[in-house]
Amino acid sequence: MKVKLLSYTPEPEKVISMAAKLCYSAVGVDDIEKNLTDESIDKFLNMLINIGHESPLEHVSFTFAVEEISRACSHQIVRHRIASYSQQSQRYVKLNQFEYIIPQEINEIEEAREVFIDAMKKDQETYDKLVDILFEKHYNNLIKSGKNEKEAKRDAEKKAIEDARYVFPNACETKMVFTMNTRSLYNFLDHRCCERAQWEIRELATEMLRQLKQVAPILFKNSGPNCVKGPCPEGKMTCGEIVSIREKFKNL
Ligand SMILES: Cc1cc2nc3c(=O)[nH]c(=O)nc-3n(C[C@H](O)[C@H](O)[C@H](O)COP(=O)(O)OP(=O)(O)OC[C@H]3O[C@@H](n4cnc5c(N)ncnc54)[C@H](O)[C@@H]3O)c2cc1C
């Protein structure tokens with residue numbers, strides 16, 4: 001899995017502090033900015049988050065590029081609606097040999113790995129066969145309708161791959177770029193750093209948080225699963241590992 005923080009709003013902690021202070025202040029942003037210090041930003045942001053005044057967090061966004069994740073994982077990511085997404089298209093990109101993600105639990109058992117890889121090979125063969133069959137049908141129709149050979153070939157291939165891709169599995173590798181504001185990221189990290197989230201999105205969320213802490217340490221110092229901030233809210237579903245989980249996220 002590759003995770004890269006591509007860009008973010010400059011001076012994220014200062015921007016949020018200024019926006020929030022403006023709500024409670026008689027003076028304008030110039031005066032607010034003059035009086036800001038690292039210490040006052042730290043104190044103010046902590047207070048803001050504790051009282052739940054979260055809308056100023058929306059002024060700051062972070063953009064990530066993620067590669068080598070499965071479509072199963074990307075499907076979980078895009079359930080987070082307060083975000084913007086761009087994902088590699090299987091409609092426009094023909095996959096001559098699709099890449100796939102093997103879950104570790106499968107990879108470490110030889111027999112399971114073989115069954116898995118065999119299924120991937122069969123999927124690719126089926127895709128190739130369907131592309132050929134569909135291409136021929138669309139190409140002939142397009143020629144009949146008066147398209148020249150070059151255009152017919154281009155359009156027939158596109159039409160063929162957009163239907164053939166239906167045989168691709170959840171394991172299929174994908175790439176995406178997404179942008180979330182800080183408020184939405186808090187929600188994403190609360191849920192997806194938790195042991196209850198699946199391993200792949202949890203690995204992604206944890207690496208995102210590690211990178212976020214480097215550029216905005218005050219904003220993200222208490223981020224991670226909910227148990228980092230208070231008691232575990234998962235009830236019977238708790239992992240029961242609260243001490244080690246808190247330690248892990250404190251030292252991320
Ligand atoms: C451990 C785990 C298991 C899961 N299992 C399942 C499952 O079995 N099936 C399944 O379908 N999903 C499942 N999900 C996905 C989950 O239900 C959410 O869709 C996902 O976590 C996105 O969260 P969200 O809606 O809070 O995020 P966002 O869509 O980013 O929304 C952020 C916040 O905005 C507010 N909001 C957004 N849209 C609306 C709206 N239309 N109305 C009111 N408020 C809104 C809410 O306060 C929301 O929390 C699971 C998630 C986790 C973490």
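See above for the structure.
Residues numbered from 1 in each chain as written. Predicted model: local features only at pLDDT ≥ 70, side-chain atom pairs only at ≥ 80, totals over all residues. Heavy atoms only, no water.

Student: Lay out the site of the ligand with the relevant residues and their values.
Tutor: In the neighbourhood of the ligand, the contacting residues comprise Arg79, His80, Arg81, Ile82, Asn187, His191, Arg192 and Arg196. Separating an oxygen atom of the ligand from a backbone N or O atom of Arg81 is a distance of 2.6 Å. Note that an oxygen atom of the ligand is positioned 3.3 Å from one of the side-chain N or O atoms of Arg192. Contact with the protein chains removes 47% of the 950 Å² of surface that the ligand exposes when unbound. For the shell around the ligand, a count of residues per class yields 1 nonpolar, 3 polar and 4 charged. (Near = heavy atom within 4 Å. Polar contact = N/O pair within 3.5 Å; in protein donor to acceptor, adjacent residues only side chain to side chain. Areas by Shrake-Rupley, 256 points an atom, 1.4 Å probe, with all protein chains shown as cover. Nonpolar A, V, L, I, M, F, W, Y, C, P; charged D, E, K, R; others polar.)

Student: Got a sec to walk through the sheet that holds strand S3 (residues 84-87)? Specific residues and values, please.
Tutor: Read from one edge of the open sheet, 4 strands run S1-S2-S4-S3, paired in antiparallel fashion. A strand with exactly one partner marks an edge of an open sheet, and here the two such strands are strand S1 (2-8) and S3. Adjacent strand axes in the sheet meet at a mean angle of 15°, parallel and antiparallel pairs treated alike. Judged from the 4 bridges that link them, S3 and strand S4 (residues 173-181) form a sheet pairing that is antiparallel. What sits directly across from Ser84, in S4, is Thr179. The strands touched by helix H8 (residues 182-192) are strand S2 (61-70) and S4; relative to S4, the strand with the most contacts, the crossing angle is about 125°. Here helix H9 (residues 199-215) sits on the sheet in contact with S1, S2 and S4, set at roughly 145° to S2. (Pairing = 2+ DSSP bridges. Helix = DSSP H or I, 4+ residues; strand = E, 2+ residues; numbered from the N terminus. Axes fitted to C-alpha atoms, helices over the stretch in contact; angles between N-to-C directions. Contact = heavy atoms within 4.5 Å.)

Student: Let's hear about the environment of Leu95: which residues, and what values?
Tutor: With respect to the element layout, Leu95 can be found in the loop between S3 and helix H5 (104-107). For Leu95, a relative accessible area of 17% puts it in the buried group. Sequence-wise, Leu95 and Val243 are 148 residues apart; in three dimensions their C-alpha atoms are separated by 45 Å. Once you skip the residues sitting within four places of it in the chain, Leu95 turns out to touch Gln90, Gln124, Tyr127, Phe168 and Cys172. (Buried < 20%, exposed > 50% of the residue type's maximum accessible area, 1.4 Å probe, protein only.)

Student: Account for the environment of Glu99, naming residues and giving values.
Tutor: Tracing the chain through its elements places Glu99 in the loop between S3 and H5. The class for Glu99 is exposed, based on a relative accessible area of 54%. As for Glu99 and Ala171, which are separated by 72 residues in sequence, their C-alpha atoms are 8.4 Å apart. Each residue touching Glu99, except ones within four places of it in the same chain, is listed here: Ala171, Cys172 and Glu173.

Student: Please set out the packing of aromatic side chains residue by residue, giving values where relevant.
Tutor: Summed over the entire model, instances satisfying the criterion amount to 10 aromatic pairs. Between the aromatic rings of Tyr8 and Phe62, the centroid separation amounts to 5.8 Å while the plane-to-plane angle is 20°, which identifies the pairing as stacked. With Tyr8 in strand S1 and Phe62 in strand S2, this pair connects stretches of sequence that are 54 residues apart. Taking the relative accessible area as the measure of exposure, Tyr8 reaches 35% and is therefore partly exposed. Ring centres of Phe62 and Phe220 lie 5.5 Å apart, and the angle between their planes is 80°; on these two criteria the pair is classed as edge-to-face. (Phe/Tyr/Trp six-rings, centres within 6.5 Å; stacked < 30°, edge-to-face > 60°.)

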